[in-house]
Amino acid sequence: MKIVIKDNYQELSEKAALLIKEAILNNPKLVLGLATGSTPLGTYKRLIEMYQEGEISFAEVTIFNLDEYFGLAPDHPQSYNYFMKHNLLSKIDINYDNFYIPDGLTDDPDKSSLEYEEKIKKFNGIDLQILGIGSDGHIGFNEPGTSFSSRTHLANLASSTIKDNSRFFENEREVPSQAMTMGIATILEAKEILLLASGINKSEICAKLIDASKDIMLPASALKEHDNVTILLDKEAASQIKT
Ligand code: F6R
């Protein structure tokens, strides 16, 4: 794992956006895996600016999102579908037919999960996957204890995740208790992975991640078996890493 530490969130976002920009310039038909949450917001803001300044085009890019809350309709303001449209897709030249996200309203999660896997395969896999990390070490919604060989599935959210994510909802009870998520094996098949972590709240888990060997109770440690992973942190997130 390559570790890059930036002074602050703005610089982290700039670096992440630059890496994505380079990947698109190298391959305009890039298959990009994206995450939601607070961490990539600055990156998406920079990508929108780069698009507006004519530096990049998403016209031929395909996007696969990591996860979606189970039971939320795509137009629900807290759904990840809505998040992506509001924070990135509506402001760039992506072809909506090239945007994929797990179906949070499916009545057959197993079938829908298989279909999601097949779609990714049809595009020859994800070229560059962007990840955040939960304070409990989750990637996507793969909570501690999830098998490293898991594929896209319906997952139960850990109570700490429900608590963390309640900041976007009226209260904790409103947070869905399940989500459709790419599995850990699905994520590991991406050719390149960029994990972003920002802020003091992530410092403990980032230090654990750097120190840990592969441990099913720390889902992000699965990334240690991948040979092209960059962990991009700001100083606060890196503050507990022992040198
Ligand atoms: C979101 C996702 C999650 C988040 C993680 C960190 O699509 O898959 O794993 O990346 O929960 O969220 P933030 O960035 O809000 O701290």
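Calculation criteria
Residues numbered from 1 in each chain as written. Predicted model: local features only at pLDDT ≥ 70, side-chain atom pairs only at ≥ 80, totals over all residues. Heavy atoms only, no water. Pairing = 2+ DSSP bridges. Helix = DSSP H or I, 4+ residues; strand = E, 2+ residues; numbered from the N terminus. Patch = residues over 30% accessible without salt bridge, like charges linked within 9 Å, V, L, I, M, F, W, Y side chains within 5 Å. Areas by Shrake-Rupley, 256 points an atom, 1.4 Å probe, with all protein chains shown as cover. Salt bridge = Lys/Arg side-chain N within 4 Å of Asp/Glu carboxyl O. Lys, Arg positive; Asp, Glu negative; His and termini not counted. Charge placed at Lys NZ, Arg CZ, Asp CG, Glu CD. Axes fitted to C-alpha atoms, helices over the stretch in contact; angles between N-to-C directions. Parallel < 35°, antiparallel > 145°, perpendicular 65-115°, else oblique. Left-handed = near helix turned anticlockwise from the far one by under 90°. Contact = heavy atoms within 4.5 Å. Core = buried A, V, L, I, M, F, W, Y, C linked by side-chain atoms within 4.5 Å. Buried < 20%, exposed > 50% of the residue type's maximum accessible area, 1.4 Å probe, protein only. Phe/Tyr/Trp six-rings, centres within 6.5 Å; stacked < 30°, edge-to-face > 60°. Arc of directions from axis to C-beta.

J.: Help me out: how do you make sense of the sheet that holds strand S5 (residues 99-100) in this one?
T.: Strands in a sheet are paired, the pairing made by backbone hydrogen bonds, and the direction either parallel or antiparallel. One open sheet accounts for seven strands, arranged S1-S10-S9-S6-S2-S3-S5; its pairing is parallel. The sheet terminates laterally at strand S1 (2-6) and S5, the two strands that pair on one side only. Taken together, the four bridges between strand S6 (residues 128-131) and strand S9 (residues 192-197) define a ladder with parallel strand orientation. Bridge pairing links Gln 129 to Ile 193 in S9.

J.: Can you walk me through a negative patch on the surface in this structure?
T.: Together, Asp 103, Asp 107, Asp 108 and Asp 110 line one region of the surface with negative charge. Residue position: Asp 110 is located in helix H4 (residues 109-122).

J.: How do you make sense of the packing of helix H1 (residues 9-26) against helix H2 (residues 41-52) when you look at a structure like this?
T.: Angle between the axes and distance between the axes are the two parameters that describe a pair of packed helices. Contact pair H1 / H2: the axes reach a minimum separation of 8 Å and the direction vectors enclose 55 degrees. By the angle class used here, H1 and H2 are oblique. In the packing of H1 onto H2, the handedness of the crossing is right-handed. Here H1 contributes Tyr 9, Ser 13, Glu 14, Ala 16, Ala 17, Leu 18, Ile 20 and Lys 21 to the contact with H2, which in turn contributes Leu 41, Gly 42, Thr 43, Arg 46, Leu 47 and Met 50.

J.: Explanation requested: the nonpolar core in the structure shown.
T.: One recurring pattern in soluble globular proteins is that nonpolar side chains are buried together. Judged by nonpolar contacts, the single largest core of 40 residues is most densely connected at Leu 32, Leu 47 and Leu 88. Residue assignment for this core shows that the elements contributing at least two residues are H1, strand S2 (31-34), H2, helix H3 (80-87), S6 and S9. A per-element tally of this core places H1 first, with six residues. Apart from residues lying up to four places away in sequence, Leu 32 is in contact with Ile 20, Val 61, Thr 62, Ile 63, Phe 64, Ile 126, Leu 128 and Ile 130. Counting 35 residues, the second-largest nonpolar core is a separate cluster that includes Val 31, Tyr 100, Met 182 and Ile 241.

J.: What should I look at first to understand the packing of aromatic side chains in this one?
T.: Each pair of aromatic rings is reported with the distance of its centres and the angle of its planes. By the definition in use, this model includes eight aromatic pairs. Centroid distance Phe 64 to Tyr 100: 4.8 Å. Interplanar angle 15 degrees. Geometry classified as stacked. On the criterion of sequence distance, the pair formed by Phe 64 in strand S3 (residues 62-65) and Tyr 100 in strand S5 is long-range, its members being 36 residues apart. No difference in accessibility class separates Phe 64 from Tyr 100, as the two residues are buried. Plain terms: the ring middles of Tyr 69 and Phe 169 are 5.6 Å apart, the flat faces sit at 80 degrees to each other, and that makes the pair edge-to-face. Residue Tyr 69 is found in strand S4 (residues 67-69), and its partner Phe 169 is found in the loop between helix H5 (159-165) and strand S8 (178-181); the two are separated by 100 residues along the sequence. Both residues of the pair, Tyr 69 and Phe 169, belong to the buried class.

J.: When you look at H3 in this model, what are you seeing that I'm missing?
T.: One full turn of an α-helix is made of 3.6 residues, so residues set three or four places apart face in the same direction. All buried positions along H3 are accounted for by Tyr 80, Asn 81, Phe 83 and Met 84. Looking straight down H3, one finds its buried side chains confined to an arc of 160 degrees; they lie on one side. Elements that come into contact with the buried residues of H3 comprise S2, H2, S3, S4, S5 and H5.

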